[in-house]
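Structural features, examined
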Amino acid sequence: MAGSPALSPSSTGWRAWLLSPEPHSRWQARLGRFYLGWRAFSRNPLAVIGLGIVLLLILVALFADVIAPYSPVAGGDLRTQRLLPPSETFWLGTDDQARDIFSRIVYGSRITLFVVVLVALIATPIGLLVGTVAGYLGGWVDTVLMRITDIFLAFPRLVLALAFVAALGPGIENAIIAIAITSWPPYARIARAETLMVRNSDFIASVKLQGASTPRIILGHVVPLCVSSLIVRVTLDMAGIILTAAGLGFLGLGAQPPMPEWGAMVATGRNYLIDQWWVAAMPGIAIFVVSLGFNLLGDGLRDVLDPKAAK
Amino acid sequence: MLDIQKLQVVFGTGRLRVDAVKDVSFHVEPGEAYGLVGESGSGKSTVLRAICGLAPITSGRVLVDGAEVTTPRSKAFYRTVQMVFQDPYASLHPRHTVDRTLSEPLAIHGEKDTETRILQALREVGLGPSFRFRYPHQLSGGQRQRIAIARALILRPKVLLLDEPTSALDASVQAEILNLLDDLRRKMGLTYILVSHDLAVVAHLCERLLVMRHGEAVEETTSAALRSGAASNEYTQSLIQASQGFTRNAKPPLQSLAG
């Protein structure tokens, strides 16, 4: 059985407590499960690097005030400090407004994190709910919900986001809403597929025979089985979300100046690409590293959480 | 306790129509153990699923305690009738601990003293409190089936529907589970309907039984008659013979068995 690996008899203390075959409380059982997952996860060095990058992003966003040496918005002396190359005073150089690029990237991490977290918080529950309800109830509910999903899937994400932002006006909040409403359909599809696999199983039949209501079955019994594959998918999508947000920023439809959004920063750097390459390259590298981090993390999580591999 | 009158179950329509159960009637007294026997596809499991609402009742009546069941079934019905499934590897939620599995029916019916009742339910099926916070993958097949039985009994039902409760287990564990079921019936005064293809299991647990074939009732007989080999029906005879295992010089099986 995958859940009970060879326990070395010498393991003592907290490890033995975590891996105890006879947990004494709900929490011990849950933590033990979590620990087994962590052990599988940490065996994959790339996944740990991904997790490190994501944690670093969170830390930088949290402590941006402490880390950034200059203001991200107010520039220095426009006559002497414009477009300076990386140096000891300005680690990553300055841009055309004489602002420190390093400080802007540090503050920009807040915007990136904000986008990623909000999109995940909006899109995942919608997709999960639509998918599990459609899959579990079947019949006309399934048809209606899935056709709506198909309609949303038929729109190219960036184009729908563009149309949405054009209608509501540019701004980071509208960009987030636009990305969220275009990213839930794949989650609904995944959740529905997982639901179809379990809806006719005996353990769902048995909870029906205990008289459980439909919402109780969906939320308490079906959703927990769909969550792990959704977490993997959402994590892997994070890179795409960051890129879409940066793309909207680049086109001037996302974050508005003077917000230090990475995509918008690349857009301003475009004008100086040949002579002052660092203005566009530094935020570009930041986007690249964070996207890579989320992808590596998603891959690692898939190895741990994939319901087909785990028993 | 349980009265099945001219039960008919049909799946699909038109060319896809399948008559799973045709005109089956039987009566089960309170405290009795009643067996349903037959080969695969004989409709015995469908009868069970129709009683508890997992399969539709196309026509006929199902009476529990003298009252006809409603569709969908009421909460009171689920407190009276519970079911144990065939495969204990599929009937427990893989992400729920034993504790969660057993507390779910109590929560649904708004019962109090969850703590004591879970421990009592575990004790009844011969498991200690150390099993309470385990996940299904930390249990053996026999232990899982005990948990499934505990879950079915925790609401104190009067009727237990057993759908081949031992056929997914190996022989020594089968005997343990059968003895446990027998003990529980005596102690709690339960009524059983046992579905099995194994005549030995049915003869061990049940007093009376119904032989089914192709969705029809073939013969109602007693397990005493079964043990002495006195079956009036040809098909029952061939089942008895088949259950005695392979013998090199046995009579060639009836043509009808192949159908």
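Parameters at a glance
- Residues numbered from 1 in each chain as written.
- Chains lettered and ligands numbered in written order.
- Predicted model: local features only at pLDDT ≥ 70, side-chain atom pairs only at ≥ 80, totals over all residues.
- Pairing = 2+ DSSP bridges.
- Helix = DSSP H or I, 4+ residues; strand = E, 2+ residues; numbered from the N terminus.
- Axes fitted to C-alpha atoms, helices over the stretch in contact; angles between N-to-C directions.
- Parallel < 35°, antiparallel > 145°, perpendicular 65-115°, else oblique.
- Left-handed = near helix turned anticlockwise from the far one by under 90°.
- Contact = placed C-beta atoms within 7 Å.
- Nonpolar A, V, L, I, M, F, W, Y, C, P; charged D, E, K, R; others polar.
- pLDDT = per-residue confidence, 0-100.

1. Regarding the sheet that holds strand β6 (residues 81-84) of chain B
All names here are of chain B.
- Strand order in this open sheet of 6 strands is β6-β7-β8-β3-β9-β10, and the pairing throughout is mixed. At either margin of the open sheet sits one strand with a lone partner, and together these are β6 and β10 (216-222). Neighbouring strand axes in the sheet, compared pairwise and without regard to direction, differ in orientation by 20° on average.
- Sheet analysis places β6 next to strand β7 (residues 159-163), joined by 4 bridges and oriented parallel. Of the residues in β7, the one forming a bridge with M83 is L161.

2. With respect to the packing of helix α11 (residues 262-269) of chain A against helix α12 (residues 278-305) of chain A
Residues and elements named next belong to chain A.
- Relative orientation of the contacting elements α11 and α12 amounts to 155°, with a least axis distance of 7 Å. When the interaxial angle is binned, α11 and α12 end up roughly antiparallel. Like other packed secondary-structure pairs, α11 and α12 cross with a definite hand, here left-handed. In this structure, α11 uses W262, M265, V266, T268 and G269 to contact α12, whose residues at the interface are V279, A280, P283, G284, A286 and I287.
- Classifying every residue of the contact of α11 with α12 by side-chain character gives 8 nonpolar, 3 polar and no charged.

3. Examining the sheet that holds strand β5 (residues 67-68) of chain B
Residues and elements named next belong to chain B.
- Taking strand neighbours across the sheet as the criterion, the 4 strands line up as β2-β1-β4-β5 in an open arrangement whose pairing is antiparallel. Of all strands in the sheet, those with a lone pairing partner are β2 (18-28) and β5, marking the two edges.
- Relative to β5, strand β4 (residues 59-64) is paired through 2 bridges, and the arrangement is antiparallel. Bridging from a neighbouring strand, L63 pairs with E68 of β5.
- In this fold helix α1 (residues 44-52) packs onto β1 (2-11), β2 and β4, with an angle of close to 75° to the strand it touches most, β2.

4. Brief notes about the confidence of the model for chain B
- Averaged over chain B, the pLDDT score is 88; the fraction of residues at 70 or greater is 94%.
- If you check the scores for this complex, the pTM reads 0.84 and the ipTM reads 0.87.

5. Description of the packing of helix α10 (residues 214-250) of chain A against α11(A)
All names here are of chain A.
- Where α10 contacts α11, the axes come no closer than 6 Å and their chain directions differ by 45°. Taken as axis vectors, α10 and α11 run oblique relative to one another. Seen along the crossing, α10 lies across α11 with a hand that is right-handed. Residues A245, A246, G247, L248, G249 and F250 of α10 lie in contact with α11, whose contacting residues are W262, G263, A264, V266 and A267.
- For the contact of α10 with α11, the residue count by class is 8 nonpolar, 3 polar and no charged.

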